[in-house]
Amino acid sequence: MKKIGLVFLLLIGMVSCDDGDLIVTSFDFTDLPVNYCSTVDNNETASTNYIFYKINPETFEALAFRFTTEIPILEEQSEVNIDLGQSSSSFVSYRLFNDVVDSDYFCADIPPARPTVSEEYTSAEGDLSIVTQGDFNDNDGIAAEFEETLNDSTDLDGDGIPNTYDFDDDGDNVPTSREGVVLNEDGSIDMQGSLNTDGDELPDFMDPDDDNDGVLTINEANPENGPLNPLNTETDESIGPDYLNPNVAIDYNIEEYRQHTYVLENITLTISLENLVFVNNSGSETIRQESLFFGDLEAPDQTITETPER
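This section reports on the structure supplied with the text. Computed from a prediction, not measured in an experiment: that's the story for all the values here.

### Some remarks on the overall build of the chain
Alright, step 1. Looking only at helices and strands, the chain has two helices and nine strands in total.
Alright, step 2. In the chain, the order of α-helices and β-strands from amino to carboxyl end is β-β-β-β-β-α-β-α-β-β-β.
Alright, step 3. The buried share of the chain, reckoned over its 310 residues, is 43%.
Alright, step 4. Sequence-distant contacts in the chain: of pairs separated by 6 or more residues, those separated by 24 or more amount to 62%.
Alright, step 5. When the accessible surface of the chain is split by element, carbon and sulfur atoms take 44% of a total near 16500 Å².

### Remarks on a negative patch on the surface
Alright, step 1. On the surface, a cluster of negative charge is contributed by Asp83, Glu125, Asp127, Glu274 and Glu290.
Alright, step 2. Inspection of the secondary structure puts Glu274 in strand E7 (residues 260-280).
Alright, step 3. Judged by its relative accessible area of 32%, Glu274 is partly exposed.

### Here's the deal with the packing of aromatic side chains
Alright, step 1. In total, this model carries 14 aromatic pairs according to the counting rule given.
Alright, step 2. Summarising the aromatic geometry, the rings of Tyr36 and Phe52 are spaced 5.6 Å apart at their centres and angled 25 degrees between planes, so their arrangement reads as stacked. Of this pair, Tyr36 sits in strand E1 (residues 35-40) while Phe52 sits in strand E2 (residues 48-56), and the two are 16 residues apart along the sequence.
Alright, step 3. Taking relative accessible area as the criterion, Phe52 reaches 0% and is therefore assigned buried.
Alright, step 4. Each ring, one from Tyr165 and one from Tyr262, has its centre 4.7 Å from the other, and the planes form 55 degrees; the classification is tilted. Here Tyr165 is found in the loop between helix H2 (144-147) and E7, whereas its partner Tyr262 is found in strand E7, with 97 residues between them in sequence. Tyr262 matches Tyr165 in its accessibility class, with the two residues each being buried.

### A word on the environment of Ser153
Alright, step 1. Within the secondary structure, Ser153 sits in the loop between H2 and E7.
Alright, step 2. Among the residues examined, Ser153 registers a relative accessible area of 22% and is labelled partly exposed.
Alright, step 3. Setting aside residues up to four positions removed in sequence, Ser153 forms contacts with Glu148 and Asn163.
Alright, step 4. There is a polar contact of 3.1 Å between the side chain of Ser153 and the backbone oxygen of Asp155.

### A short note on the state of the cysteines
Alright, step 1. Enumeration over the complete set of coordinates arrives at one disulfide.
Alright, step 2. Here Cys37 engages in a disulfide with Cys107; their sulfurs sit 2.4 Å apart. Across the S-S bond of Cys37 and Cys107 the torsion is about -95 degrees, and the bridge reads as left-handed. Highlighted residues: Cys37 in strand E1 and Cys107 in helix H1 (residues 103-107), separated in sequence by 70 residues.
Alright, step 3. The exposure class of Cys37 is buried, given its relative accessible area of 15%.

### Some points on the pattern of salt bridges
Alright, step 1. According to the stated counting rule, one finds one salt bridge in the structure shown.
Alright, step 2. The partner of Arg95 in a salt bridge is Glu120, and the shortest N-O contact between them spans 2.9 Å. Here Arg95, found in strand E5 (residues 91-97), pairs with Glu120, found in strand E6 (residues 117-137); they are 25 residues apart in sequence, far enough to count as distant.
Alright, step 3. You can call Glu120 buried: its relative accessible area is 19%.

### A few points about the nonpolar core
The nonpolar side chains of soluble globular proteins are, as a tendency, buried together.
Alright, step 1. Membership of the largest hydrophobic core comes to 30 residues, with the highest contact counts inside it found for Phe52, Phe65, Phe67, Ile73, Leu128, Ile130 and Leu269.
Alright, step 2. Sorting the residues of this core by element identifies E2, strand E3 (61-69), strand E4 (78-83), E5, E6, E7 and strand E8 (286-299) as the ones contributing at least two each.
Alright, step 3. Of all the elements, E7 adds the most residues to this core, at seven residues.
Alright, step 4. The contacts of Ile73, once residues within four sequence positions are left out, are Tyr50, Phe52, Phe67, Ser78, Val80, Ile130, Thr132 and Leu269.
Alright, step 5. Ranked by size, the runner-up nonpolar core spans nine residues in total, among them Cys37, Tyr53, Ala64 and Phe97.

Scoring rules and cut-offs
Residues numbered from 1 in each chain as written. Predicted model: local features only at pLDDT ≥ 70, side-chain atom pairs only at ≥ 80, totals over all residues. Heavy atoms only, no water. Helix = DSSP H or I, 4+ residues; strand = E, 2+ residues; numbered from the N terminus. Buried < 20%, exposed > 50% of the residue type's maximum accessible area, 1.4 Å probe, protein only. Contact = heavy atoms within 4.5 Å. Areas by Shrake-Rupley, 256 points an atom, 1.4 Å probe, with all protein chains shown as cover. Patch = residues over 30% accessible without salt bridge, like charges linked within 9 Å, V, L, I, M, F, W, Y side chains within 5 Å. Salt bridge = Lys/Arg side-chain N within 4 Å of Asp/Glu carboxyl O. Lys, Arg positive; Asp, Glu negative; His and termini not counted. Charge placed at Lys NZ, Arg CZ, Asp CG, Glu CD. Phe/Tyr/Trp six-rings, centres within 6.5 Å; stacked < 30°, edge-to-face > 60°. Polar contact = N/O pair within 3.5 Å; in protein donor to acceptor, adjacent residues only side chain to side chain. Disulfide = S-S within 2.5 Å. Core = buried A, V, L, I, M, F, W, Y, C linked by side-chain atoms within 4.5 Å.

Okay, structure coming up:
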């Protein structure tokens, strides 16, 4: 998205004493970083209160907005749209201070007494959009572009987690990183060179029955040797785990997948404001802005865990 300056310009021909439009000649926060703070009202609710703000230390100005949402906007891909004209708890404010202001003013439980606000304009109308984007990574050593489709499927094992961030692509409870995947120089998968225990058309990381003994790999994990892990069940040490030994076919009838872990990284929140109408405290002056790009915020990587249903 192309960034545009946060500049309110006076359209002289449209100003009249009746509507109280305000002349603002300097209102530029374009190159300033986006900051935020958040609080949770209590531990029994999923709602989080957010305050996002930008501070211009040279002009003593600040632009901030607050809202409440149950969507974990810093932790997952999402899109939040809020009508700023319908809720008194969600609003944007422009403030001019009599001195330099810092984050304590916005994030402290009780704002400091100084600096004081010289002018303030609060949104009476407007639309807020926050789009969170990022890249999922299963850390299995295969780039997402090369495992997006495996055996003509984007979700090879049908567990609801796409191949691109499924750490166990074939759903056999053996991590893909432990199934002998070989990569070409360009990072693509060498299907012929990758481990293929039973010599069929599927390498082990795509094969639900690696040794072709009629018992699925996922079911060759003795629960007494460790939960849901076929690597821990070994009858013949000279051959290795039972799921790679065609001479051992004991079915433990496992009905669960292991817990899956993946990472959402390169998280960026893109924040935009549309159709804004700011009004000062007395209601005598108005600022109108059709489109205002607040900025981008980079958030820390998030580790996500879930256990698919089998």
